[in-house]
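Residues per chain, in single letters:
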Amino acid sequence: NAGVTQTPKFRILKIGQSMTLQCAQDMNHNYMYWYRQDPGMGLKLIYYSVGAGITDKGEVPNGYNVSRSTTEDFPLRLELAAPSQTSVYFCASTDWTENSNQPQHFGDGTRLSIL
Amino acid sequence: EDQVTQSPEALRLQEGESSSLNCSYTVSGLRGLFWYRQDPGKGPEFLFTLYSAGEEKEKERLKATLTKKESFLHITAPKPEDSATYLCAVFNMDSSYKLIFGSGTRLLVRP
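Colleague: What is the right way to look at unusual backbone geometry in this model?
Modeller: Across residues other than glycine, the phi torsion is negative in most instances, and most of the peptide bonds are trans. With an omega dihedral of -5°, the bond running from Thr7(A) to Pro8(A) counts as a cis peptide bond. Residue position: Pro8(A) is located in the loop between strand S1 (4-7) and strand S2 (10-13). The linkage connecting Ser7(B) with the following residue, Pro8(B), adopts the cis geometry, with an omega of -10°. The backbone phi angle of Asn28(A) is positive, close to 60°, even though this residue is not glycine. With respect to the secondary-structure elements, Asn28(A) resides in the loop between strand S3 (19-25) and strand S4 (31-37). Although it is not a glycine, Glu60(B) adopts a positive phi angle of roughly 55°. Within the element layout of this structure, Glu60(B) appears in the loop between strand S6 (56-59) and strand S7 (62-66).

If you want it as structure tokens, here you go:
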């Protein structure tokens, strides 16, 4: 059971370039999330999804876009990379329901540098 | 505004020296509090969920407790392999299940 898989693990971008961070989960979880973690800081929510076809903004959505066409995949798109987007990006998923507070399961992150 | 504050930011212990990490929170209608462990270069790994004041959970050398304003992660006789960053997160009655994370405590246990 692979859990949450993120690719790539590392990437260096030039200012203004675009890229897509991939996230896939094989646990049939409805809820998926994208976070960013800056050095010495906690995780900040970028976007989340409660199911295929449904996405919503988190705390820091500017400069990012997401889509959720399947239950398994939740890619994060950076259109015009800026130095402020240098960070470690984590994807997470959960099968949380109103009656069960299941934890979020995390991938191992994508380390992104924008120069 | 919902907030989570963790202290200390960093903690150095000798092997076998017990201590506690603090997570204080301000949230409207706490529904649950999570503790995660994060190793360098890895994603957070789930440790505990606490739901109500007075609740306690244990796992090996770790014990998590919860009051109405804060949670403690007690580490008894730590070993070097307990070295990691420990993250606390809360979520409230908003059914969107969005977690609010603290900035973590970096724990180093020296042999």
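Colleague: How do you make sense of the state of the cysteines when you look at a structure like this?
Modeller: Taken as a whole and judged by the stated rule, the model has two disulfides over all chains. Linked covalently through their sulfurs, Cys23(A) and Cys91(A) form a disulfide whose S-S length is 1.9 Å. One disulfide, between Cys23(A) and Cys91(A), carries an S-S torsion of -70° and so falls in the left-handed class. Placement of the pair is Cys23(A) in strand S3 and Cys91(A) in strand S9 (residues 87-94), with a sequence separation of 68 residues. With relative accessibility at 0%, the residue Cys91(A) sits in the buried group. A sulfur-sulfur separation of 1.9 Å characterises the disulfide bridge that pairs Cys23(B) with Cys88(B). Disulfide Cys23(B)-Cys88(B): the torsion about the S-S bond is -55°, which places it as left-handed.

Colleague: Sorry, what's going on with the pattern of salt bridges here?
Modeller: Here the idea is simple: oppositely charged side chains can pair when their charged atoms come close. Applying the stated rule across the entire model yields eight salt bridges over all chains. The partner of Glu79(A) in a salt bridge is Arg77(A), and the shortest N-O contact between them spans 3.3 Å. Residue class for Glu79(A) comes out partly exposed when judged on its relative accessible area of 39%. By relative accessible area, which is 30% here, Arg77(A) ends up partly exposed. Between Arg37(B) and Asp39(B) there is a salt bridge, with the nearest N and O atoms lying 3.0 Å from each other. In this structure Arg37(B) comes out as buried when scored by relative accessible area, which is 16%.

Colleague: In this structure, what is going on with the interface of chain A and chain B? I would like to understand it.
Modeller: The figure often quoted for interface size is the accessible area lost as the parts come together. With 24 residues of chain A in contact, the opposing surface of chain B contributes 21 residues. Linking chain A with chain B are one salt bridge. Across the pair Asp108(A) and Lys42(B) runs a salt bridge, and its minimum N-O distance is 3.7 Å. If you look at where chain A meets chain B, you find four residue pairs in polar contact (both at pLDDT 80 or more). Of all elements in the fold, only S4, strand S5 (43-51) and S9 of chain A reach the threshold of two or more residues within the side of chain A that touches chain B. The element contributing the most residues to the side of chain A that touches chain B is S4(A), with four residues. Its residues assigned to classes, the side of chain A that touches chain B comprises 11 nonpolar, 10 polar and three charged.

Reading guide: rules and limits
- Residues numbered from 1 in each chain as written.
- Chains lettered and ligands numbered in written order.
- Predicted model: local features only at pLDDT ≥ 70, side-chain atom pairs only at ≥ 80, totals over all residues.
- Heavy atoms only, no water.
- Helix = DSSP H or I, 4+ residues; strand = E, 2+ residues; numbered from the N terminus.
- Disulfide = S-S within 2.5 Å.
- Buried < 20%, exposed > 50% of the residue type's maximum accessible area, 1.4 Å probe, protein only.
- Salt bridge = Lys/Arg side-chain N within 4 Å of Asp/Glu carboxyl O.
- Contact = heavy atoms within 4.5 Å.
- Polar contact = N/O pair within 3.5 Å; in protein donor to acceptor, adjacent residues only side chain to side chain.
- Nonpolar A, V, L, I, M, F, W, Y, C, P; charged D, E, K, R; others polar.

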